[in-house]
Amino acid sequence: MRLPRFLTPTTVASAHCDLPCGVYDPAQARIEAESVKAICEKYQANTDPEFRTRALIIKEQRAELVKHHLWVLWTDYFKAPHFEKYPQLHVLFNEATKLAGAGGAKGSADPAVADQLLAKIEEISKIFWETKQA
């Protein structure tokens, strides 16, 4: 049985990524990293043990979200041509995820570590937006 002509698609759309690129944005990682930094600052300014315990738990959760958002960009958005044009991307992502992990912001309450993480995310963000312009 043939499909009626009006059911046959007339336009075909395609995208270079798994979903339209609008779903990817390094801002998600940056927002969580800013939360990590704010929590570190609050932690340093408060001596109440219960507050500090809660702050550390929340900071670790936010740091884990930073890693998640970075991994999504690294594995889903950036493709081989991006890595060819920006060969430093793998190192940037590796350094950023390590700064979000146990050896970085997740394992430290030092706002300076969170600043380092934010700087790496900013480097990734600049490259991301350059690729979106192309």
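In this text, all values refer to a predicted model and were calculated from it rather than measured experimentally.

Draft legend 1. Molecular detail of the packing of aromatic side chains. Scanning the entire structure with this criterion turns up eight aromatic pairs. On the basis of an interplanar angle of 55° and a centroid distance of 5.7 Å, the ring pair of Tyr-24 and Tyr-77 is categorised as tilted. Residue Tyr-24 is found in the segment before α1 (27–44), and its partner Tyr-77 is found in helix α2 (residues 49–77); the two are separated by 53 residues along the sequence. This pair shows no difference in class: Tyr-24 is buried, exactly as Tyr-77 is. Judged by centre distance (4.7 Å) and plane angle (55°), the rings of Tyr-77 and Phe-128 are tilted.

Draft legend 2. Representation of the environment of Arg-30 in the model. Along the chain, Arg-30 turns up in helix α1. On the basis of relative accessibility, which here comes to 31%, the residue Arg-30 falls in the partly exposed class. Through-space distance from the C-alpha of Arg-30 to that of Ser-125 is 8.9 Å; in sequence the pair is 95 residues apart. In this view, Arg-30 contacts Leu-118 and Ile-121; residues no more than four positions away in its chain are not counted.

Draft legend 3. Highlighting the side chain of His-69. In this fold, His-69 is placed in helix α2. For His-69, a relative accessible area of 17% gives the class buried. If we ignore the near neighbours within four places in the chain, the residues touching His-69 are Gln-28, Ala-29 and Glu-32.

Draft legend 4. Seen up close, the packing of α2 against helix α4 (residues 89–100). Interhelical geometry of α2 versus α4 gives an angle of 165° and a closest axis separation of 8 Å. Accordingly, the angle class assigned to the pair α2 and α4 is roughly antiparallel. Classified by chirality, the crossing of α4 by α2 is left-handed. Contacts between α2 and α4 involve Ala-63, Val-66, Lys-67, Leu-70, Trp-71, Leu-73 and Trp-74 from the first element and His-90, Phe-93, Asn-94, Ala-96, Thr-97 and Ala-100 from the second.

Draft legend 5. Representation of α2 in the model. Across its 29 residues, α2 extends 41 Å between first and last C-alpha, which sits within 8% of the 42 Å expected from 1.5 Å per residue. Within the span of α2, buried status applies to Ala-55, Lys-59, Ala-63, Val-66, Lys-67, His-69, Leu-70, Leu-73 and Tyr-77.

Draft legend 6. Local environment of α1. Between its first and last C-alpha, α1 extends 26 Å over 18 residues, near the 26 Å set by a 1.5 Å rise per residue. Buried within α1 we find Ala-29, Glu-32, Ala-33, Val-36, Ile-39, Cys-40 and Tyr-43. One side of α1 holds all its buried residues, which, seen down the axis, span an arc of 115°. Buried residues in α1 make contact with α2 and α5 (111–133).

Rules used in this analysis
Residues numbered from 1 in each chain as written. Predicted model: local features only at pLDDT ≥ 70, side-chain atom pairs only at ≥ 80, totals over all residues. Heavy atoms only, no water. Phe/Tyr/Trp six-rings, centres within 6.5 Å; stacked < 30°, edge-to-face > 60°. Helix = DSSP H or I, 4+ residues; strand = E, 2+ residues; numbered from the N terminus. Buried < 20%, exposed > 50% of the residue type's maximum accessible area, 1.4 Å probe, protein only. Contact = heavy atoms within 4.5 Å. Axes fitted to C-alpha atoms, helices over the stretch in contact; angles between N-to-C directions. Parallel < 35°, antiparallel > 145°, perpendicular 65-115°, else oblique. Left-handed = near helix turned anticlockwise from the far one by under 90°. Expected span 1.5 Å × (residues − 1). Arc of directions from axis to C-beta.

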